[in-house]
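Structural features, examined
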Amino acid sequence: MVQAKKRIGILTAGGDSPGLNAAIRGFGKAAIGLGMDLIGYRDGIRGLVENRYTPLDSGALSGILTIGGTILGTSRDKVHRMMIDGETRDMRTQVVENYEKEGLSGLVMLGGGGTAKNALRLAGAGLNVITLPKTIDNDIARTDTSFGFATAMEIATEAIDRLHSTAHSHHRIILTEIMGHRAGWLTLAAGIAGGADIVLLPEIPYTVASVAETIKTRLIRGSTFSVVAVAEGARDVQDSADIEAAELLVHAAKTPEQIRAAKAHLANVTDEQREHTFKLARELEAATGLESRVTILGYVQRGGIPCAADRLLASRLGTAAAHAVSKGQFGMMVAARGEDTDLVPLTEVAGNLKLVPPDHEWIQTARKLGTGLGD
Ligand code: F6P
């Protein structure tokens, strides 16, 4: 008896990143080779809820390996708390209806930590799901790395290279703020690769005194400039303690009123700290007598053509996912493990952030280089 073709849905969710299209292509080419049909949902979870999709055949996959962003579009929606016509609704039942109406055998979700949580919610609603680790932050648990990270590291490193020449020419402190959300991987990697004099991470709260001391020591040795790589989540010791206290209040809150008040307080504290890199620049100028300037790298770190390493990683993970789907292996993330891939239960991924361990080998490398870490 001829077996009916498996029909698989694929979507990209969360922040975009280089390599997403390479992963769609990797999965798609392997899946079509295995006799599957593919549809691509538009704009992440929202397209899944609204059943907006496009067929993905070999023609649609052709030429997308090197294209930045995602040809499908993305969003940051949560399937259990979607804003629909001004009210928050749980849309899992709608998704199950669409999945069954389209006769899907599985759903592939390319995303980061938030997507792993959405995938687990949909698995709990009975869908066959599998995820691929995507983010420039490299903060996804139980995978060596994620596609997007290598390209963002190249971009941030090149920026630090360029900032060295202007800092040197003007005898200035140049602070560059690098993405990474609550993790310092991207800042640490680009900081080392770019030869930053100081690298400030969320995982190691800094003191202005320590940062200023490193700059003054450089001055005494004749280096009249410094480049400081600042993770967007890095904070000084006091700000870090304030955020932690505010987050603890949210976790401790019981009644709806307590939760609302605690979340409002956390938002306030977070907002007050939004300009932390500019505040640090002013403090360092006052402490050292050197002019300081700030560059926020922002979204350039997520844009453009994926580097070769990300194309290779995305192709490896995408093709591995197709073979896992063909074997009915769901409820998993396809993780990067050395030169291989590994299937990790979503329950071990969702809700777990991978932060830089204080004794990580890259931290040791920075310290051996004499890089200031602000502590
Ligand atoms: O997760 C990737 C990322 O770029 C983080 O580094 C950053 O904090 C966040 O997305 C920005 O989110 P948004 O794209 O919603 O502004």
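Looking only at helices and strands, the chain has 13 helices and 14 strands in total. A compact globule built from 375 residues would reach a C-alpha radius of gyration of about 21 Å, and the chain, at 23 Å, matches this within 12%. The principal-axis extent of the C-alpha atoms belonging to the chain is close to 80 × 50 × 35 Å. By the burial criterion, 51% of the 375 residues in the chain qualify as buried. Long-range pairs, those at least 24 residues apart, make up 73% of the contacts in the chain with a sequence separation of at least 6. Accessible surface for the chain amounts to roughly 16,700 Å². Of this, 53% is attributable to carbon and sulfur atoms. Of the side-chain charges in the chain, 40 are positive and 43 negative, and the distance between the mean point of each set is 4 Å.

For the rest of this paragraph, the subject is the environment of Arg282. Within the fold, Arg282 resides in helix α11 (residues 276-288). Spatially, the C-alpha atom of Arg282 lies 8.9 Å from that of Arg293, the residues being eleven residues apart in sequence.

A separate point is the site of the ligand. Every residue near the ligand is listed here: Arg76, Thr135, Ile136, Asp137, Met179, Gly180, His181, Glu232, Tyr299 and Arg302. Protein chains bury 73% of the 400 Å² of accessible surface belonging to the ligand in isolation. Looking at the shell around the ligand residue by residue, the class counts come to three nonpolar, three polar and four charged. Formed jointly, the shell around the ligand draws a minimum of three residues from each of two domains, domain 1 (7-147 + 306-348) and domain 2 (153-302 + 358-368).

In this section: unusual backbone geometry. The backbone phi angle of Asp43 is positive, close to 60°, even though this residue is not glycine. One non-glycine residue, Asn138, adopts positive backbone phi at about 60°. Tracing the chain through its elements places Asn138 in the loop between β7 (129-135) and β8 (147-148). Classification of Asn138 as buried rests on a relative accessible area of 3%.

For the rest of this paragraph, the subject is the pairing of strand β2 (residues 37-41). Of all five residues that make up β2, four are buried, and the element is covered over most of its length. Inspection of the sheet shows strand β1 (residues 7-12) paired to β2 by four bridges, in the parallel sense. Paired with Ile8 across the two strands is Leu38, which belongs to β2. Handedness of the crossover is the feature at issue here: the chain leaves β1, passes through helix α1 (residues 20-33), returns alongside β2, and the resulting connection is right-handed. Relative to strand β3 (residues 53-55), β2 runs antiparallel, the two sharing three bridges. If you follow Ile39 over to β3, its bridge partner there is Pro55.

For an interface, size is often stated in terms of accessible area lost upon the parts coming together. Each assigned domain of the chain is listed with its residue range as follows: domain 1 (7-147 + 306-348) and domain 2 (153-302 + 358-368). The straight-line distance from the C-alpha centre of domain 1 to that of domain 2 is 32 Å. If you look at the interface, domain 1 gives ten residues, while domain 2 gives nine residues. Taken as a group, Asp16, Ile136 and Asp137 account for 57% of the area that domain 1 buries against domain 2, more than any other trio of residues on that side. In this structure, the connection of domain 1 to domain 2 is made through one salt bridge. Here domain 1 is connected to domain 2 by two residue pairs in polar contact (both at pLDDT 80 or more). Its residues assigned to classes, the side of domain 1 that touches domain 2 comprises three nonpolar, three polar and four charged.

Moving on, we come to the packing of aromatic side chains. Within this structure, the stated rule accounts for three aromatic pairs. An angle of 70° between the planes, with centres 5.6 Å apart, marks the rings of Tyr41 and Tyr53 as edge-to-face. Within this pair, whereas Tyr41 is found in strand β2, its partner Tyr53 is found in strand β3, the two being separated by twelve residues in sequence. With 5.6 Å between their ring centres and 85° between their planes, Trp185 and Trp362 make a pair best called edge-to-face. Linking Trp185 in helix α7 (residues 185-193) with Trp362 in helix α13 (residues 361-369), this pair joins segments that are 177 residues apart in sequence.

Let's shift gears to the sheet that holds strand β12 (residues 292-296). Strand order in this open sheet of four strands is β10-β11-β9-β12, and the pairing throughout is parallel. Where the open sheet ends on each side, the last strands, each with one partner, are β10 (198-200) and β12. Within this sheet the neighbouring strands show an average axis-to-axis angle of 20°, counted without direction. Contacting β9 (173-178), β10, β11 (226-231) and β12, α11 runs over the sheet at an angle of about 160° to β9.

What counts and how
Residues numbered from 1 in each chain as written. Predicted model: local features only at pLDDT ≥ 70, side-chain atom pairs only at ≥ 80, totals over all residues. Heavy atoms only, no water. Helix = DSSP H or I, 4+ residues; strand = E, 2+ residues; numbered from the N terminus. Rg over C-alpha atoms; globule rule 2.2 N^0.38 Å. Buried < 20%, exposed > 50% of the residue type's maximum accessible area, 1.4 Å probe, protein only. Contact = heavy atoms within 4.5 Å. Areas by Shrake-Rupley, 256 points an atom, 1.4 Å probe, with all protein chains shown as cover. Lys, Arg positive; Asp, Glu negative; His and termini not counted. Charge placed at Lys NZ, Arg CZ, Asp CG, Glu CD. Near = heavy atom within 4 Å. Nonpolar A, V, L, I, M, F, W, Y, C, P; charged D, E, K, R; others polar. Domains from an automatic or database assignment. Pairing = 2+ DSSP bridges. Right-handed = clockwise from strand over helix to strand, strands pointing away. Buried area = accessible area lost by both parts, 1.4 Å probe. Salt bridge = Lys/Arg side-chain N within 4 Å of Asp/Glu carboxyl O. Polar contact = N/O pair within 3.5 Å; in protein donor to acceptor, adjacent residues only side chain to side chain. Phe/Tyr/Trp six-rings, centres within 6.5 Å; stacked < 30°, edge-to-face > 60°. Axes fitted to C-alpha atoms, helices over the stretch in contact; angles between N-to-C directions.

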